[in-house]
Amino acid sequence: MRSILFKVFALGRFSPDDPHVRFAFAWPIPAWGWLLIALAAALVAAWSYWRLDGSRWARAVLASLRALAILLLVALLAGPELVRQEERTERDWVVVLVDRSASMQVGDGPDRDTRDEQARRILGATGPMWRDLARERNVLWLGFDHGAYDLKASATGAPVELAPPEGMRTDLAQALEQALRRVAARPVAGIVVLSDGRTAQPIARGTLKRLQADRVPVFVVPLGSPDPPFDRAVRTVEAPSAAFTGDVVPVTVTVERTGPERGSGARVELLDEGGRVLDERPLADDPSSEGARTDRVTLTARPDKPGPQTWSVRLAAPEPDLSADNDLKVFSIELVDRPIRVAYLDGYPRWEYRYLKNLLVREGTLRSAVLLLAPDRRFIQEGTDPIVALPRSAEEWAAFDVVIMGDLRPSQLSPEQLEALKQAVATRGTGLLWVGGPQSTPMRWGPTPLADLLPMTLDDTESGLSGVRPWPVPVLVRPTPAAERLALMRLGGPDSPGWPEVLADPTMGWTLLRWAQRIDPAVIKPAVETLAVASAPSAGEAPIVLAMRYGAGRVVYVGTDEIWRWRYGQGETLPERFYLPLVRLLARESIGRLGRPALLETSPRLAVVDQPVRVTVTLLDQALLRAAPRNVSVRVAPAQASRSGPSAVDLTLVPLAGAGPAVFEASFIPSEPGRYTLAAIDALLADLNLSADLDVSPPDDERRFAHADHALLAGLADQTQGRVLAEAEVALLGQADAGLVPIRHLRLLGAPEVETLWDRPIVLAALVLLLSAEWAGRRLIKLV
């Protein structure tokens with residue numbers, strides 16, 4: 001029947017078997033409207049023939065024909081048509097976020113398996129469920145660390161392939177934002193998060209409101225242990241980049257502990273490149289503390305093998321902690337086997353001069369030039385290596401690793417010589433050791449270029465320095481923690497390397513220094529470290545040995561010339577153990593610069609993302625200095641280039657103010673963690689292979705606080721009407737009868753196709769037929 005009607009109405013565009021074809025009106029009239037129209041048509045038709053002559057049945061037939069004609073006209077005015085509108089269903093989306101940050105390598109899961117192993121086990125066990133779910137819904141798989149990215153599908157086993165978790169920063173908030181952008185304007189049934197809950201940023205309120213407004217539940221699968229785990233980590237290692245063989249090399253280690261203490265007997269070990277333990281120190285147990293706390297431990301070694309070496313610091317404990325990856329740090333050190341070259345200048349043969357001069361001559365690891373300067377700039381020379389004349393340039397001063405400046409008048413050296421010494425300290429790493437005295441040092445050095453190399457501020461008083469006065473009474477000396485960190489003031493010897501108790505006993509007599517300078521802390525410059533303090537029972541205490549950095553070099557000031565008195569107790573042993581480590585400390589800075597035409601350095605050497613890094617190029621070769629470049633170009637590039645990583649940056653270094661033409665400086669801010677390589681690309685320096693490495697860590701190191709944050713995940717699920725799923729409950733996501741994931745399929749209607757019926761010939765013929773039939777009937781009963 002349907003096909004006959006399609007042929008009668010000549011509807012060739014539509015198929016009679018198409019289920020999407022329906023009859024409609026262009027101006028639809030409700031059913032009650034049609035009822036009223038039919039009733040009105042009947043009344044009008046009946047009224048038209050009510051009083052006319054003729055038989056009743058004939059008039060009834062004619063009235064019916066008229067009523068049908070009226071109804072047909074109204075139907076044509078309503079616009080009868082056939083409409084075909086296709087309907088399709090858009091499947092909803094399920095987004096799965098899998099944490100791929102480095103904290104997933106932490107082994108705090110059941111049976112001490114890692115969080116990554118937990119995630120892989122869960123996905124492997126529920127692989128068939130996810131594949132069945134993908135047949136009914138769209139499943140979007142994303143990995144995330146500091147951002148979200150696609151995961152590659154797998155045909156067998158787990159539904160996706162997971163690369164090792166190596167992201168150095170986790171940002172769950174950013175991952176959620178990116179996931180929502182990926183499925184914008186699409187029906188989202190839910191988001192599944194497999195994570196330990198660590199995130200650098202809290203979930204933004206705007207993200208939560210969007211999830212709530214779109215009624216998108218978040219189902220979280222917490223990984224790792226909910227209890228704060230215990231972990232020890234080697235946070236920083238401070239060690240000289242170069243040292244002399246036979247030198248006591250200090251390595252200061254910062255150990256960070258998080259979580260409740262577990263186990264005892266942990267120790268910090270210093271190992272050489274062959275794995276031999278050079279030194280070790282125990283870590284004090286702290287079972288009462290559960291938060292983050294740090295310990296600073298100084299290890300020492302006396303290497304005997306020259307050349308570049310790789311040392312390491314290792315945490316060792318009877319029981320393993322949370323992560324073994326942060327228990328080891330490796331660093332490089334260059335060991336030089338040659339004597340330390342020392343120049344000692346003093347103004348008169350005081351007792352300290354005599355014993356210090358004998359120490360420099362007697363010590364086999366030193367080569368010394370010792371000079372007593374007379375007021376007319378003549379000098380008396382002693383030591384192992386006499387010199388022809390006093391140095392006059394920075395290059396001549398740099399022939400010495402350390403310059404010891406005693407109690408002499410500044411006028412005994414020319415301003416040019418003093419300026420050259422200042423440049424040697426600043427650019428070539430020459431060490432400067434001041435030994436204060438009652439006549440000139442430091443009082444008369446205020447107007448000279450070396451005033452900048454004193455650790456205290458000079459004033460304009462007649463004495464030259466109002467903040468430095470002689471102690472009115474004899475004093476005792478004791479070291480500070482800063483000295484321990486630098487392996488200084490260890491006068492007790494190998495068996496007892498600390499400060500001898502006898503030096504704290506004033507009744508011995510010889511332990512008291514009869515003359516010393518009382519340095520007011522108010523005049524000490526910023527960034528100066530106090531290595532030792534002098535004290536007297538009736539007069540308090542004040543710094544007496546100070547240290548500071550100046551450019552590439554280091555300066556130490558000793559505010560007494562009576563260390564020689566200690567020889568009454570144990571001969572030359574105590575003065576040797578006081579002065580020799582100071583000389584070796586000052587000499588280390590010059591080793592790495594010897595024989596190099598230029599240096600490329602960064603400060604700090606271990607940087608943090610979004611913090612400035614200072615890049616410095618120092619020209620040491622005279623030929624480079626004569627070239628007088630206006631600037632120097634350095635390229636900073638990631639050691640391993642990648643499409644998503646940072647690109648190379650070219651820096652233009654300009655001369656450092658006050659440092660002359662030898663030092664060029666610029667700053668840059670690393671935006672991503674990792675290792676960077678710096679290389680000079682300037683034409684003047686391109687052939688020197690001038691380069692340096694820089695390690696940049698994220699501000700929120702994944703290994704620093706490795707505990708999981710299950711509370712954050714539970715809060716996210718609660719605020720979005722989601723659920724926290726245990727490992728065994730993940731399969732419920734694919735079960736329709738469980739009702740966890742709502743069905744958000746959308747029914748979408750296509751654009752309608754219309755075939756009008758009012759303009760068909762058959763419709764016109766029907767109307768003419770009705771009207772003709774009525775006219776003919778009227779003729780038959782003689783109403784016309």
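Only a predicted model underlies this, so the values are computations on that prediction, with no experimental measurement involved.

A. Looking closely at the sheet that holds strand β14 (residues 293-301). Taken in spatial order, the three strands line up as β9-β11-β14 in an open sheet, and their pairing is antiparallel. On the outer flanks of this sheet lie β9 (231-238) and β14, each paired with one strand and no other. The mean inter-strand angle of the sheet, taken between neighbouring strand axes irrespective of direction, is 25°.

B. Main features of the confidence of the model for the protein. Taken over all residues, the pLDDT of the protein has a mean of 85, while the share at 70 or more is 91%. Within the model, the stretch residues 460-464 combines pLDDT values under 50 with six contacts to residues more than four positions away or in other chains.

C. The arrangement of helix α15 (residues 710-719) in detail. Of all the positions in α15, only His710, Leu713, Leu716 and Ala717 are classed as buried. An end-on view of α15 places all buried positions within 120° of arc, on one side of the element. In α15, the exposed positions angled more than 90 degrees off the buried face are occupied by Ala711 and Asp718. Positive phi appears at Gln721, one or two residues downstream of α15, with a value of about 60°.

D. The packing of helix α3 (residues 56-77) against helix α16 (residues 761-780), seen in detail. Here α3 crosses α16 at 155°, and the two axes come no closer than 9 Å. Judged by the inter-axis angle, α3 sits roughly antiparallel to α16. With respect to the hand of their crossing, α3 and α16 are arranged in left-handed fashion. Contacts from Leu62, Leu65, Arg66, Leu68, Ala69, Leu72, Leu73 and Leu76 of α3 reach α16 at Val763, Ala766, Leu767, Leu770, Leu771, Ala773, Glu774, Gly777 and Arg778. Per-class residue counts for the contact of α3 with α16 are 13 nonpolar, one polar and three charged.

E. Structural detail: the environment of Arg469. Position of Arg469 among the secondary structure elements: in strand β22 (residues 468-470). Through-space distance from the C-alpha of Arg469 to that of Val94 is 78 Å; in sequence the pair is 375 residues apart.

F. A look at the sheet that holds strand β13 (residues 277-282). Taken in spatial order, the five strands of this open sheet run β10-β16-β15-β12-β13, and their pairing is mixed. Strands at the two margins of the open sheet, each flanked by one partner only, are β10 (242-244) and β13. Strand after strand, the sheet turns through a mean of 30° between neighbouring axes, direction not considered. Bridge count between β10 and strand β16 (residues 328-336): three bridges; the pairing is parallel. In the sheet register, Phe244 faces β16, and the bridge partner there is Val336.

G. View of the nonpolar core. Counting 54 residues, the largest nonpolar core has Leu531, Trp566 and Phe578 as its most contacted members. At ten residues, helix α13 (residues 573-591) tops the list of elements feeding residues into this core. Beyond its immediate chain neighbours, meaning those up to four positions away, Trp566 contacts Val477, Leu491, Trp499, Leu503, Trp510, Thr511, Leu513, Gly571, Leu574, Pro575 and Phe578. Within the second largest apolar cluster, 36 residues are counted, among which are Phe400, Leu413, Ile524 and Met548.

H. Inspection of α3 at higher detail. With 22 residues, α3 ought to run about 32 Å at 1.5 Å a step, and its terminal C-alpha atoms sit 32 Å apart, in line with that. Turning to α3, its buried residues are Ala58, Arg59, Leu62, Ala63, Leu65, Ala67, Ala69, Leu72 and Ala75. Buried positions along α3 lie against β1 (21-25), α2 (31-49), β2 (80-84) and α16. Phi turns positive, to about 75°, at Gly79, one or two residues after α3.

Conventions and cut-offs
Residues numbered from 1 in each chain as written. Predicted model: local features only at pLDDT ≥ 70, side-chain atom pairs only at ≥ 80, totals over all residues. Heavy atoms only, no water. Pairing = 2+ DSSP bridges. Helix = DSSP H or I, 4+ residues; strand = E, 2+ residues; numbered from the N terminus. Axes fitted to C-alpha atoms, helices over the stretch in contact; angles between N-to-C directions. pLDDT = per-residue confidence, 0-100. Contact = heavy atoms within 4.5 Å. Buried < 20%, exposed > 50% of the residue type's maximum accessible area, 1.4 Å probe, protein only. Arc of directions from axis to C-beta. Parallel < 35°, antiparallel > 145°, perpendicular 65-115°, else oblique. Left-handed = near helix turned anticlockwise from the far one by under 90°. Nonpolar A, V, L, I, M, F, W, Y, C, P; charged D, E, K, R; others polar. Core = buried A, V, L, I, M, F, W, Y, C linked by side-chain atoms within 4.5 Å. Expected span 1.5 Å × (residues − 1).

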